[in-house]
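Chain and residue survey
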Amino acid sequence: MKLHEYQSKFLFAEYGIPIPQGKVAVSPDEVYAIAQELDGVVVVKAQVHVGGRGKAGGVKVARDANEARLHAERILGMNIKGLTVERVLVDPGADIQQEIYLAITNDRGAGKPLIMTSLEGGMDIEELNRERPDAIIREHIDPIMGLQDFQLTYIASAMGMPRAQWRSFGKIVGGLYRCYSESDAELVEINPLVITGEGELLAVDGKMIIDDNALFRQPVLTEQRDTSGEPESERQAREAGITYIKLDGQIGCMVNGAGLAMTTMDMTKLYGDADGIGPANFLDIGGGASPEQVAAALRIILSDCHVKCVLFNIFGGITRCDEVAHGILTAYNEVKPTVPMVIRLQGTNAAEGSKIINDARIPNITSADTLTEAAKRAVAAVKEQG
C-alpha cells in the first residue's frame with residue numbers, strides 16, 4: 001500500500017523528522033488561503049501515486065498566494081500518467097543548498113533492512129544508481145540488534161556528510177528506521193533530504209510503501225489508503241480476500257495455492273510462448289475458498305477483455321473440489337462468459353466436483369486430468385479464437 005507524499009511526511013514528523021509545515025488542499029481557494037497563511041514562496045505539489053510529477057508539470061513554485069491559486073487551477077484535475085490529481089500539498093519554499101537521498105528498504109537476499117543514502121539526491125537518483133552505484137552508501141541493519149550508533153557514524157562519514165550535520169542526520173536516520181519498523185513498511189524514502197541555507201536538515205519530499213500482509217496491524221494507516229491509482233480488478237480481489245495480479249496474456253488462471261499458481265502460469269507460457277500466448281493473471285484463491293470467493297475470482301478474471309480462455313487448476317485439500325464447482329456455476333450464471341474454460345480438478349471431492357460440472361452441461365468447457373493437458377488445451381483454445 002502506497003502513501004501519498006503528505007501522508008508520509010506527516011508520519012515522519014511523528015518520529016522527529018523535520019518537515020516543511022505545509023497543508024493539503026483540494027481546491028484553488030484552499031490553496032490561496034494556505035499560501036496567504038504561509039506568507040512567502042510556496043510549492044504546490046500534486047498528490048498522486050506516480051513518479052515524475054515535476055517533469056509532468058505537477059510541481060510548481062509560487063511567489064505569492066495569487067500565483068499559487070493559478071498553479072492550483074492548472075494542477076487540480078490534471079492527468080499524470082493516467083491518474084487524476086484530486087489534491088495538492090502546499091509547502092513553504094526552502095533555501096536548498098544540498099540535496100541528499102535517504103531510504104530504508106527490504107533486502108530480501110540478505111534478509112535484513114537496508115539503508116541507502118547519497119549526497120547526490122534528487123530526481124535523477126535512479127540514473128545515479130545505474131551509472132555510479134558506488135556513490136550510494138549501503139548499510140544493512142540487524143533486525144534483532146536494531147540500528148546502532150556506530151552505523152550512523154559510519155554512514156555520515158562514508159557519504160561525506162558535513163561534520164556539523166552528523167548529529168541531526170543521525171537523529172533523522174534513527175527516526176526513519178523507527179518509522180519503517182513500526183509501520184511495517186517495505187520502503188521509506190526521503191528524496192530529497194536537504195541542507196538549507198541555515199544549515200538545517202529538512203525532509204522536503206517523502207514516500208512510503210506499507211506491506212499489505214501487515215495491514216491488519218496498521219488500522220490507522222489502512223484508513224489512509226487511496227485506491228484511485230489501483231486497478232479496479234485488484235481492489236475487488238483484495239475486498240474478496242483473493243490474491244490477484246493482472247498480467248499481459250490471454251489465459252485467465254484460477255488456482256488455489258501460490259506455488260501451484262506459479263507453476264500453472266509457467267506451463268501456459270511454456271506451451272504458448274511461441275505464439276505469443278501466456279497467462280493473463282496471477283490469481284490464488286487460497287485454501288478453504290468458499291463458492292462466493294470462487295465466483296468473485298471468476299468475475300474478476302472475466303473483467304479483463306484480453307482473456308480468451310479461463311484455466312482452472314484446483315488441487316483439493318482444504319479447498320474442496322465440489323465447492324469450487326459450485327462457485328464456477330454461480331459465477332457462470334451471473335457473468336454468462338462466452339470464452340472457453342478448461343477445468344482440472346484433483347484431490348478432495350474431485351469426482352463430485354467433476355460430476356457437478358458435467359451435469360450442468362455448460363458449453364465451451366473442457367476437462368483435463370493433468371496440468372500439462374490443461375495448459376495445452378487452454379493454449380489451443382486461444383489459438384482457435386485468433
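The notes below deal with the structure included here. Here the structure is a predicted model, which means the values were calculated and not measured.

Quick notes on unusual backbone geometry
Excluding glycine, a negative phi dihedral is what most residues carry, and trans is how most peptide bonds are arranged. In this chain, Asn191 is followed by Pro192 through a cis amide linkage whose omega measures 10°. Among the secondary structure elements, Pro192 is positioned in strand E11 (residues 185-196). Positioned with a positive phi, Arg361 is a non-glycine residue whose angle comes to about 50°.

Section: the nonpolar core
Within the largest apolar cluster, 37 residues are counted, with the highest numbers of intra-cluster contacts made by Phe12, Leu102, Phe169, Ile190, Leu193 and Met208. Residue assignment for this core shows that the elements contributing at least two residues are helix H1 (5-14), strand E8 (96-107), helix H5 (149-159), helix H6 (166-182), E11, strand E12 (201-203) and strand E13 (207-210). Per-element tally for this core: the top contributor is H6, with seven residues. Once you skip the residues sitting within four places of it in the chain, Ile190 turns out to touch Phe12, Ile17, Ile100, Tyr101, Leu102, Ile172, Leu176, Ala203 and Asp205. Tyr244, Val294, Cys321 and Ile357 belong to the second-largest nonpolar core, a separate cluster that totals 33 residues.

A short note on the sheet that holds strand E2 (residues 23-25)
In space, the four strands of this open sheet follow the order E2-E7-E3-E4, with antiparallel pairing throughout. Single-partner strands in this sheet number two, and they are E2 and strand E4 (59-62). Between one strand axis and the next, the sheet turns by 25° as a mean value, whatever way the strands run. The pairing of E2 with strand E7 (residues 88-92) spans three bridges and is antiparallel. Residue Val24 lies in a different strand from E7, and its bridge partner there is Leu89.

Observations concerning the side chain of Asp205
Within the secondary structure layout, Asp205 lies in the loop between E12 and E13. In this structure the side chain of Asp205 is engaged in a polar contact, spanning 3.3 Å, whose partner is the side chain of Arg53. Filtering out sequence-adjacent residues up to four positions away, Asp205 remains in contact with Glu5, Lys9, Lys45, Arg53, Glu189, Ile190, Asn191 and Pro192.

Quick notes on the environment of Val43
Checked against the element boundaries, Val43 lands in strand E3 (residues 42-46). Counting along the chain gives 17 residues from Val43 to Lys60, while the straight-line C-alpha distance between them is 5.7 Å. Setting aside residues up to four positions removed in sequence, Val43 forms contacts with Val59, Lys60, Val61, Leu89, Val90, Asp91 and Gly93.

Section: the packing of aromatic side chains
As enumerated under the stated definition, the model contains two aromatic pairs in all. When the centroid spacing of 6.0 Å and the interplanar angle of 70° are considered together, the rings of Tyr6 and Phe10 count as edge-to-face. One end of the pair is Tyr6 and the other is Phe10, both in helix H1 and four residues apart, which spans about a single turn. Aromatic pair Tyr177 and Tyr180: ring centres 6.0 Å apart, planes at 25°, arrangement stacked. In this pair, Tyr177 and Tyr180 both sit in helix H6, three residues apart, roughly one turn of the helix. With a relative accessible area of 7%, Tyr180 lands in the buried category. Sitting above the plane of the Tyr32 ring, Arg69 keeps its charged end 4.2 Å from the centroid.

So, the pattern of salt bridges
Once the charged atoms of two side chains with opposite charge are near each other, the side chains can pair. The tally for this structure, following the rule as stated, stands at 19 salt bridges. Linking Lys246 and Asp304 is a salt bridge whose minimum nitrogen-to-oxygen distance equals 3.6 Å. With Lys246 in strand E14 (residues 243-246) and Asp304 in the loop between helix H10 (291-302) and strand E17 (309-316), the pair connects residues that are 58 residues apart, well separated along the chain. Its relative accessible area of 36% is what places Lys246 among the partly exposed residues.

Calculation criteria
Residues numbered from 1 in each chain as written. Predicted model: local features only at pLDDT ≥ 70, side-chain atom pairs only at ≥ 80, totals over all residues. Heavy atoms only, no water. Helix = DSSP H or I, 4+ residues; strand = E, 2+ residues; numbered from the N terminus. Core = buried A, V, L, I, M, F, W, Y, C linked by side-chain atoms within 4.5 Å. Buried < 20%, exposed > 50% of the residue type's maximum accessible area, 1.4 Å probe, protein only. Contact = heavy atoms within 4.5 Å. Pairing = 2+ DSSP bridges. Axes fitted to C-alpha atoms, helices over the stretch in contact; angles between N-to-C directions. Polar contact = N/O pair within 3.5 Å; in protein donor to acceptor, adjacent residues only side chain to side chain. Phe/Tyr/Trp six-rings, centres within 6.5 Å; stacked < 30°, edge-to-face > 60°. Lys NZ or Arg CZ within 6 Å of the ring centre and 35° of its normal. Salt bridge = Lys/Arg side-chain N within 4 Å of Asp/Glu carboxyl O.

Don't take any of this as a statement about function, it's just geometry.
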